[in-house]
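Overview (structure and organization)
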Amino acid sequence: MSSDRSKDVTPPPLPAPLAVPVADSHTHLDMQSGTVEEGLAKAASVGVTTVVQVGCDVNGSRWAADTAAAHPGVHATVALHPNEAPRIVLGDPDGWSRQGERPAGGDAALDEALAEIDRLAALPHVKGVGETGLDHFRTGPEGIAAQERSFRAHIEIAKRHGKALVIHDRDAHDDVLRILKEEGAPERTVFHCYSGDADMARICTENGYFMSFAGNVTFKNAQPLRDALVAAPRELVLVETDAPFLTPAPYRGRPNAPYLIPVTLRAMAAVKGLDEDTLAAAVSANTARAFDY
C-alpha cells in the first residue's frame, strides 16, 4: 500500500470504444468504487461486455458467485488466494488482510475453507477455480507449506468440476510449473497477470496454458513482459485489468476498472503488430474458450 497522500484517486477518462467487444478476464468488482451496475455499464459503453469476477477468500468467493448469478455479463471464479491459505493456517496477527486480525486455525481451518470453495465451484455460474497458486513475494518460508497444500487442493477441485484454473504466480514461476506438472493441470489453465519471460511463455504454449496480460504490460520497465507477449501465440492470449490494481500507462497509480481494458488491449496490439480488431476478436474467443461460456 502506498503512503503517498498526494495519490491521484480520480478515475481515468473513458477510452475510445472497441469495435469488437471483449472480456476482462480478471477483475475485483468488490474492491472498486461505485456499484456493480455502474461499473458494468461503464465497461459495456467502451466494448467490454463481459467480466470475470475473481474470488480471493471464502467471503469474496461467495460474493463472486452471487454477483455472477445476478448479472449475465459476469462470470465467477472462487478460491483462496495464495496469501490467504497461510493466514488461515498460521493466523494474521497484524490484520493486514482486508478481513482484519485473525487467530491461527491450523490445517482443520484450511480444510473447512477448501470445502466451501469446493461447494461453490460446483455452481453453474462459477466458471473457474482461482486465483490460486504461489506467492513467494508476500508469504515467507513459514507459509510455503500451506500455500502448496492449498494450490494442490484447488487443482484437484478444478479438475473434478471441469472448471478453469486461474493462477496467481508471483516470484514463484518454477514452483508453479512444477506443481502443475506433478498434479496434472486442468484442461483449461490461465496464468492471470502473466509475469514470466519469453522462455516461460514458450513453456506455457507447449502446455496450452492461457496467458492473461494486465496493465503492467504498458509500464516502461516491462520489456520482458512485452517480449513474452510477442512469444505468446494469439490463440492463448487474454487481457485483464486486475482492477482496482495495475492501471495501465499513462494512468498508472490511479484507480483501475474494467472500462480501461481498451487501453491495455491497444498497447498489446501494437506490441504484437496486429490491428486492434484482430486482437480483440482473438481475445474475445479465447476468454470464452478458457472459461467455457
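Residues numbered from 1 in each chain as written. Predicted model: local features only at pLDDT ≥ 70, side-chain atom pairs only at ≥ 80, totals over all residues. Heavy atoms only, no water.

**Regarding the nonpolar core**
Of all hydrophobic cores here, the largest spans 81 residues; its most connected members are Phe 151, Leu 180, Phe 191, Tyr 194 and Phe 213. Sort the elements by how many residues they give to this core and helix H4 (residues 106–121) lands first, with six residues. Apart from residues no more than four positions distant in its own chain, Leu 180 is found in contact with Phe 151, Ile 155, Leu 165, Ile 167, Ala 185, Thr 189, Phe 191 and Tyr 209. (Core = buried A, V, L, I, M, F, W, Y, C linked by side-chain atoms within 4.5 Å. Buried < 20%, exposed > 50% of the residue type's maximum accessible area, 1.4 Å probe, protein only. Helix = DSSP H or I, 4+ residues; strand = E, 2+ residues; numbered from the N terminus. Contact = heavy atoms within 4.5 Å.)

**Examining the pairing of strand S1 (residues 22–27)**
S1 sits mainly inside the fold: six of its six residues count as buried. The pairing of S1 with strand S2 (residues 48–54) spans four bridges and is parallel. Considered in S2, the bridge of Ala 23 is made with Thr 50. Taken together, S1, helix H1 (residues 36–44) and S2 form a β-α-β motif whose crossover is right-handed. (Pairing = 2+ DSSP bridges. Right-handed = clockwise from strand over helix to strand, strands pointing away.)

**Description of the sheet that holds S1**
Strand order in the open sheet made by the eight strands is S1-S2-S3-S4-S5-S6-S7-S8, with parallel pairing throughout. If you trace the sheet from one side to the other, it starts and ends with S1 and strand S8 (237–239), each paired once. For this sheet the average axis-to-axis angle between neighbouring strands, irrespective of direction, equals 30°. Across two bridges, strand S6 (residues 189–191) lies against strand S7 (residues 210–213) in parallel orientation. Following the sheet pairing, Val 190 is matched in S7 by Phe 210. (Axes fitted to C-alpha atoms, helices over the stretch in contact; angles between N-to-C directions.)

**Brief notes about the environment of Gly 215**
With respect to the helices and strands, Gly 215 occurs in the loop between S7 and helix H8 (223–231). Assessed through its relative accessible area of 0%, Gly 215 is described here as buried. With sequence-adjacent residues up to four places away left out, Gly 215 is seen in contact with Glu 240, Leu 246, Pro 248 and Thr 264.

**What about the packing of aromatic side chains?**
Summed over the entire model, instances satisfying the criterion amount to two aromatic pairs. Plain terms: the ring middles of Phe 191 and Tyr 209 are 5.8 Å apart, the flat faces sit at 40° to each other, and that makes the pair tilted. Of the two residues, Phe 191 is situated in strand S6 and Tyr 209 in the loop between helix H7 (198–207) and S7; the sequence distance between them amounts to 18 residues. Take Tyr 209: its relative accessible area is 6%, and that puts it in the buried class. A centroid spacing of 5.4 Å and a plane angle of 45° characterise the contact between Tyr 194 and Phe 213, whose relative ring orientation is tilted. Linking Tyr 194 in the loop between S6 and H7 with Phe 213 in strand S7, this pair joins segments that are 19 residues apart in sequence. (Phe/Tyr/Trp six-rings, centres within 6.5 Å; stacked < 30°, edge-to-face > 60°.)

**Observations concerning the packing of helix H2 (residues 58–70) against H4**
Put simply, H2 and H4 touch, their axes get as near as 10 Å, and they point 10° apart. Relative to H4, the element H2 is oriented roughly parallel. Seen from H2, the contacting residues are Val 58, Ser 61, Arg 62 and Ala 65; seen from H4, they are Ala 113, Glu 116, Ile 117 and Leu 120. (Parallel < 35°, antiparallel > 145°, perpendicular 65-115°, else oblique.)

**Description of the state of the cysteines**
Across all of its chains, the model carries zero disulfides by this definition. Unpaired in terms of disulfides, Cys 56 finds its nearest cysteine sulfur in Cys 193, a separation of 12 Å. Looking at the unpaired Cys 204, the closest cysteine sulfur is the one in Cys 193, lying at 13 Å. (Disulfide = S-S within 2.5 Å.)

**Notes on H4**
Taking 1.5 Å of rise per residue, 16 residues should cover 22 Å, and H4 covers 23 Å from first to last C-alpha, within 8% of that figure. Residues of H4 that are buried: Leu 110, Ala 113, Leu 114, Glu 116, Ile 117, Leu 120 and Ala 121. The buried residues of H4 occupy an angular sector of 155° when projected down its axis, which confines them to one face. Seen from the buried face of H4, the exposed residues on the opposite side, beyond 90 degrees, are Ala 108 and Glu 112. (Expected span 1.5 Å × (residues − 1). Arc of directions from axis to C-beta.)

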